[in-house]
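Structural characterization, general
Next come the chains, spelled out residue by residue.
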Amino acid sequence: MSTVRSSRRIERAGVNALRALLEEHEHIVQEIDGGNDHGEDMIVNFTIGGKRTGYWLAIQVKSGKKYKRANGYAIPVEDHFEDWGQSRIPIIGVVYDMKKRELFWVNLTEQLRATEKSPGWVQVANTSLLNADTVHEFYTEVATYAGGARMRIRATSKEEALNEAVRARRGLDPLTAPNPLYEDLADFVLRHEERIRSVRRNLIRSLPLLITTILMLIMWPRHIRFVEGSADMNPYPWVLNLYLFMLMMALTIFFEFRAGRLPVETGKWLWVIAGNFFWIPVMDPDGDSGWWGTFWIWAGILVPSFGLKLLIITFIGFAVDRKRRQLSPAS
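This write-up is about the structure you can find in this document. It should be emphasised that the depicted structure is a prediction, and the values quoted were computed from it without experimental measurement.

Time to look at the environment of Tyr-145. With respect to the helices and strands, Tyr-145 occurs in helix H4 (residues 135–148). Placed 56 residues apart in sequence, Tyr-145 and Ile-89 show a C-alpha to C-alpha distance of 9.9 Å. Filtering out sequence-adjacent residues up to four positions away, Tyr-145 remains in contact with Pro-90, Asn-107, Thr-109, Glu-110, Arg-113 and Met-151.

Here we come to unusual backbone geometry. Residue Glu-78 is not a glycine yet carries a positive backbone phi of 50°. Inspection of the secondary structure assignment puts Glu-78 in the loop between strand S5 (72–76) and helix H2 (81–86). In this model, Arg-101 sits at a positive phi of 60°, which is unusual for a non-glycine residue. With respect to the secondary-structure elements, Arg-101 resides in the loop between strand S6 (91–97) and strand S7 (102–107). For Arg-101, a relative accessible area of 67% gives the class exposed.

Here the second largest pocket is characterised by a volume of approximately 440 Å³. Taken together, 21 residues line the second largest pocket, and the ones lying closest to its centre are Glu-265, Thr-266, Trp-269, Leu-311 and Phe-315. When residues of the lining of the second largest pocket are traced back to their parent elements, those giving at least two are helix H9 (235–258), helix H10 (264–283) and helix H11 (291–327). The biggest single contributor to the lining of the second largest pocket is H11, with ten residues. For the lining of the second largest pocket, a count of residues per class yields 14 nonpolar, three polar and four charged.

What follows deals with the pairing of strand S2 (residues 42–48). One face of the sheet, then the other: side chains in a regular strand alternate in exactly this way. Counting buried positions along S2 yields six of seven residues, so the element is predominantly enclosed. As judged from the four bridges shared by strand S1 (residues 28–31) and S2, these two strands associate in the antiparallel manner. Within S2, the position partnered with Gln-30 by the bridge is Ile-43. Between S2 and strand S3 (residues 51–63), which pair antiparallel and follow one another directly, the connecting turn spans two residues, one of which, Gly-49, has a positive phi of 60°.

Quick notes on the rules
- Residues numbered from 1 in each chain as written.
- Predicted model: local features only at pLDDT ≥ 70, side-chain atom pairs only at ≥ 80, totals over all residues.
- Heavy atoms only, no water.
- Helix = DSSP H or I, 4+ residues; strand = E, 2+ residues; numbered from the N terminus.
- Contact = heavy atoms within 4.5 Å.
- Buried < 20%, exposed > 50% of the residue type's maximum accessible area, 1.4 Å probe, protein only.
- 1 Å grid on protein atoms, 1.4 Å probe; cavity = no way out; pocket = protein on both sides within 12 Å on 5 of 7 lines; lining within 4 Å.
- Points joined across faces, edges and corners; volume = space filled by probe spheres on them.
- Nonpolar A, V, L, I, M, F, W, Y, C, P; charged D, E, K, R; others polar.
- Pairing = 2+ DSSP bridges.

Here it is, written out as structure tokens:
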């Protein structure tokens, strides 16, 4: 039968002590199976008030006398220099002093990024104590470093975030490496995500209104010239009356969308009216003093006049019917 290494008890002592401390303060700990150990023993997701943050870190835990030094402790780098230095999440080194039953920590990624070649060992100060009194300071310092180095993990679920953190601890991935130009913008979007989602919904709903307004601004001089060439009248009231009607239809469509209804009929009539009246001055830019021009001049007077009244009466009628149904006792 196989035997259990005597050193395993020492190694597990540090891992167990650190895990107990972090979980006691509600941080999420995921141990890394020994067969998949590439220089870290666990992956941790910091939490605040019981809610996950975007800050993840990997931790290498060392236990035993061989990591003790005269003025502190030390963690061997071995062949992890590039992995730890290029990691996209902080790699933290923790030494467990079994005699004192105390944990001490160092930011391995920060230390190794500051040098061009492997130092062999990374010093761990005996003042960097990690316990119940300093765990919040530990979180603040590591999260601040991760935020400044743009090491946040953004994911929609715990599983997705964990998988991303596992990939991140293996170093820079050219396919997912952050683009510094857009990282700050991404942070802004995440801070105001709900507000931006609301603005986007309203922007989509207002597309008919925006498109109608833009077309009016473009077509204004063409309509003025068309009316001047087609009739002996002041063109401005004619154009304003037509534009007011189309704007009212587009505004009605916007609020119908906001109410959660699809304004099929209103949208269809706006498309027909706008399509015809925006097409005429393009095909006949200088107007027509004959029957053709006279027809469209009268159409531009009658359609908005009757159409606006019909629009208002129809939707007021719909609103009255809804209110009556709300006020009537249930049958």
